[in-house]
Amino acid sequence: MHSKIKLLPKNVINQIAAGEVIQRPASIVKELIDNSVDARAKNIHLIIKKSGKESIQVIDDGIGMNKKDILICFERHSTSKISTTEDIFHINTLGFRGEALSSIASVAKVILKSKEENGETGNQVILSQGTLEEQKQIIKNNGTDITVKNLFFNIPARKNFLKTDKVELRHIVDEFTRSALANKNISFKFTNNNDLIYNFKQENLKQRINSLFGKNIIEKIVPIEEETDIVSISGFLGKPSFAKKTRGEQFFFVNDRFVKAPYLHHAVTNAFDGLIQKDVYASYFIFLKINTEKIDLNVHPSKTEIKFDDDKLIYSILLSSSKRSIGKFNISPSIDFETESSFNIPTYSNKVVTEPKIHVNKKFNPFDTNSKEKNTESWKKLFDSKEKEIKEEELIDIVEIVQINEGYVICVLKNNQGISSTYLLDQRKCHQRIIYENQLKNLNSKKITTQKLIFSQEIELTNSDLLVIKDNELLFNEIGYNIKKIEKNLIVLDGIPSFMNSKNLKEKIEFFIEEIKNENLNITDKAFNKISRSVAKSSSIKQNDKLEKIEMVELIKSLFNCESPFLGIDGKPCMINFEPKNIFDV
Ligand code: ADP
Ligand code: MG
């Protein structure tokens, strides 16, 4: 009796495996370039004909292979990159499964030439459907040169499945782009049907992005940078104002490997929430460096999917650093590409990302309407006493400033390179952002900042409001109110939060009481965000308050001292940057 169950022939096994790894010419391009990168090539040349359907060739100057390796490499599971199970947890190469070359060879014709640095001669093999057809010694310079021809010639169903040349070329360009972004220190050439379409020398990320997407892109991106124990993040984010209807450029690299990561994508998109419309997409080029033990790449044979041990943590780090980056850097709309240091506008330390600094007198409260004269005086004093310091710190000049429609401020700022940008501010939302951040800082550092009132004020309140105050005296105290007495139908105040003006105190207190009731505010560490938001809402200037010039100046200065000057506390923008030139000169 013979068994129905048979072991599949090697060639069939490889073809099945190829189904997973090799879907189209672009998959071959990816695998071959990956191999060249792993071989520590300094120069990689990709040459394709008829969108890879006719041939795909990759030439590199990497470590090469000897006479033996050049045959073994086509065996399934042959790899020089790992040898023990333990190695799977420390992967530093792009390949490690040892199935690309065996898969490719099973569905195409392959010509492989290679020479090791110390090898006496080069070697060449020709394989068709995975079987060796020819092997000889050749004269060759160091490195590997592999050509894949007649893709899917032996699997017509797969061949027919291929799309038009245009579509397949698009896929190849996508793969090439990913590799070129991930490996800035490698020179790349790309020849399509005898035309050299890309030629990149070794360069930095910004230059590589420029080489790939054109010079204009540099003006549309801002750096993102974050160092934590778990992950380090670097790269660029597209400015919200340049988000596009099409998906555009969205790239994640984990340890310099391109990955598809919907989860991380969500974190970045979340950071743009409220800054861009729902149907447009922001670009990003984000590089995460993470301990190889903390990730699993072996989720899918194409290795573009990834699992993180600390996925929630990475999500929140990425979200907050994206928010910060958008907030901080949106100020410089047109950065000169040639001067690499222009992102590091005179810095205090060159490692830390810097934001344009505006000097701010922390004690000066522009919204304190008690005495306008006093304000001007302190303003002057600031200039007199600190003139020297300001010269170093004041990297931004306010060129123009006007209030429109009592509620909005338009200003033109110039940075120290003479580049000017125009901003439109919602005065109430911006003031809320300033109060929110200051309040949050104070609560976190357990600092209570109160300004004494010269004459204590009596504020009449309803019984139920008085009850809320009684129950929350500590909370009022922590944010800077000094309640001297609570009587039957009124409270006596002799101090208010230092950022607050003493106008309409009753209204502010009532508003804050409403917030306590609606938001269930309680003074605990976890509620600091909520409390700060409520304080900001209840004590900010109003939409229709008329502002003096000096108040607008101080508003802008304090705003740019914030971590996220562009973000209102409701998550929607409080300020936008627009370039009249770009609107009218299109
Ligand atoms: P993997 O990359 O997963 O190891 P591959 O099938 O892609 O598997 O390649 C098999 C082996 O062939 C590699 O481990 C490497 O040793 C060798 N190899 C492939 N391409 C090159 C190259 N361009 N230069 C040097 N060695 C290469
Ligand atoms: Mg490989």
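Worth saying up front: this structure is predicted, and the values here are computed from it rather than measured.

Visitor: Even after reading the chapter, I still don't get the site of ligand 1, so can you show me in this structure?
Guide: The immediate surroundings of ligand 1 are formed by 18 residues, with Asn35, Thr79, Ser80, Lys81 and Gly98 found nearest. Here serine 80 contributes a side-chain N or O atom positioned 2.5 Å from an oxygen atom of ligand 1. Here leucine 101 contributes a backbone N or O atom positioned 2.9 Å from an oxygen atom of ligand 1. When the free accessible area of ligand 1 is taken as 530 Å², the share hidden by the protein chains comes to 92%. Broken down by class, the residue content of the shell around ligand 1 amounts to six nonpolar, eight polar and four charged.

Visitor: Got a minute to help me understand the pairing of strand E4 (residues 122-128) in this structure?
Guide: Two faces, one strand: in a regular strand the side chains alternate between the faces of the sheet. Summarising burial for E4: seven of the seven residues are buried, a large majority. Of the two faces of E4, the one lined by Gly122, Gln124, Ile126 and Ser128 and the one lined by Asn123, Val125 and Leu127 are each fully buried. Pairing between strand E3 (residues 109-115) and E4: six bridges, direction antiparallel. Paired with serine 114 across the bridge in E4 is asparagine 123. Connecting the antiparallel pair E3 and E4 is a turn made up of six residues. Here E4 runs beside strand E5 (residues 131-138); their pairing, made up of seven bridges, is antiparallel.

Visitor: What am I meant to see in the environment of aspartate 256 here?
Guide: Structurally, the position occupied by aspartate 256 is in the loop between strand E11 (250-254) and strand E12 (257-259). The spacing of aspartate 256 and lysine 289 is 33 residues in sequence and 7.7 Å in space, taken between C-alpha atoms. Apart from the residues lying within four places of it in its own chain, the contact partners of aspartate 256 are Leu94, Ala182, Lys184, Phe287 and Lys289. One polar contact links aspartate 256 to lysine 289, side chain to side chain, over a distance of 3.0 Å.

Visitor: What exactly am I supposed to notice about helix H16 (residues 549-560) here?
Guide: Residues spaced three or four apart along an α-helix point in a common direction, a consequence of the helix completing one turn every 3.6 residues. The terminal C-alpha atoms of H16, which comprises twelve residues, lie 17 Å apart, in line with the 16 Å expected from a rise of 1.5 Å per residue. Counting buried positions over the twelve residues of H16 gives eleven, a clear majority of the element. For H16, the full list of buried residues reads Ile550, Glu551, Met552, Val553, Glu554, Leu555, Ile556, Lys557, Ser558, Leu559 and Phe560.

Visitor: Just to check I follow, could you spell out the packing of helix H11 (residues 427-444) against helix H15 (residues 528-539) for this structure?
Guide: In the contact formed by H11 and H15, the axes pass within 8 Å of each other and the chain directions differ by 140 degrees. With respect to H15, the element H11 is oriented oblique. Between H11 and H15 lies a crossing whose hand is right-handed. Contacts from His431, Gln432, Ile435, Tyr436, Gln439, Leu440, Leu443 and Asn444 in H11 reach Phe528, Asn529, Ile531, Ser532, Arg533, Val535, Ala536, Lys537 and Ser539 in H15. In terms of residue class, the contact of H11 with H15 is built from eight nonpolar, seven polar and two charged.

Visitor: Mind showing me how you'd approach the sheet that holds strand E9 (residues 221-227) here?
Guide: Working definition: the strands of a sheet are paired by backbone hydrogen bonds and lie parallel or antiparallel to each other. Read across the open sheet, the five strands follow the order E9-E10-E13-E11-E12; overall the sheet is mixed. Single-partner strands in this sheet number two, and they are E9 and E12. Here the average twist between neighbouring strands, direction ignored, is 20 degrees. Across the sheet, helix H6 (residues 165-182) is in contact with E11, E12 and strand E13 (284-290); its angle to E11 comes to roughly 50 degrees. Strands E9, strand E10 (231-238), E11 and E13 of the sheet are contacted by helix H7 (residues 205-213), whose axis makes an angle of about 40 degrees with E10.

Visitor: Quick question: what am I supposed to make of unusual backbone geometry here?
Guide: Negative phi is the rule for most residues except glycine; trans is the rule for most peptide bonds. Of note, histidine 77 is a non-glycine position whose phi angle comes to about 60 degrees, a positive value. With respect to the secondary-structure elements, histidine 77 resides in the loop between helix H3 (69-72) and helix H4 (100-107). With a phi angle near 70 degrees, asparagine 194 is a residue other than glycine that sits in the positive phi range. For asparagine 194, the position within the fold is in the loop between strand E7 (187-192) and strand E8 (195-200). A residue is classified by how much of its surface remains accessible, and asparagine 194, at 64% relative accessible area, is exposed.

About the cut-offs
- Residues numbered from 1 in each chain as written.
- Chains lettered and ligands numbered in written order.
- Predicted model: local features only at pLDDT ≥ 70, side-chain atom pairs only at ≥ 80, totals over all residues.
- Heavy atoms only, no water.
- Near = heavy atom within 4 Å.
- Polar contact = N/O pair within 3.5 Å; in protein donor to acceptor, adjacent residues only side chain to side chain.
- Areas by Shrake-Rupley, 256 points an atom, 1.4 Å probe, with all protein chains shown as cover.
- Nonpolar A, V, L, I, M, F, W, Y, C, P; charged D, E, K, R; others polar.
- Buried < 20%, exposed > 50% of the residue type's maximum accessible area, 1.4 Å probe, protein only.
- Helix = DSSP H or I, 4+ residues; strand = E, 2+ residues; numbered from the N terminus.
- Pairing = 2+ DSSP bridges.
- Contact = heavy atoms within 4.5 Å.
- Expected span 1.5 Å × (residues − 1).
- Axes fitted to C-alpha atoms, helices over the stretch in contact; angles between N-to-C directions.
- Parallel < 35°, antiparallel > 145°, perpendicular 65-115°, else oblique.
- Left-handed = near helix turned anticlockwise from the far one by under 90°.

Shape descriptors only; they carry no functional weight alone.
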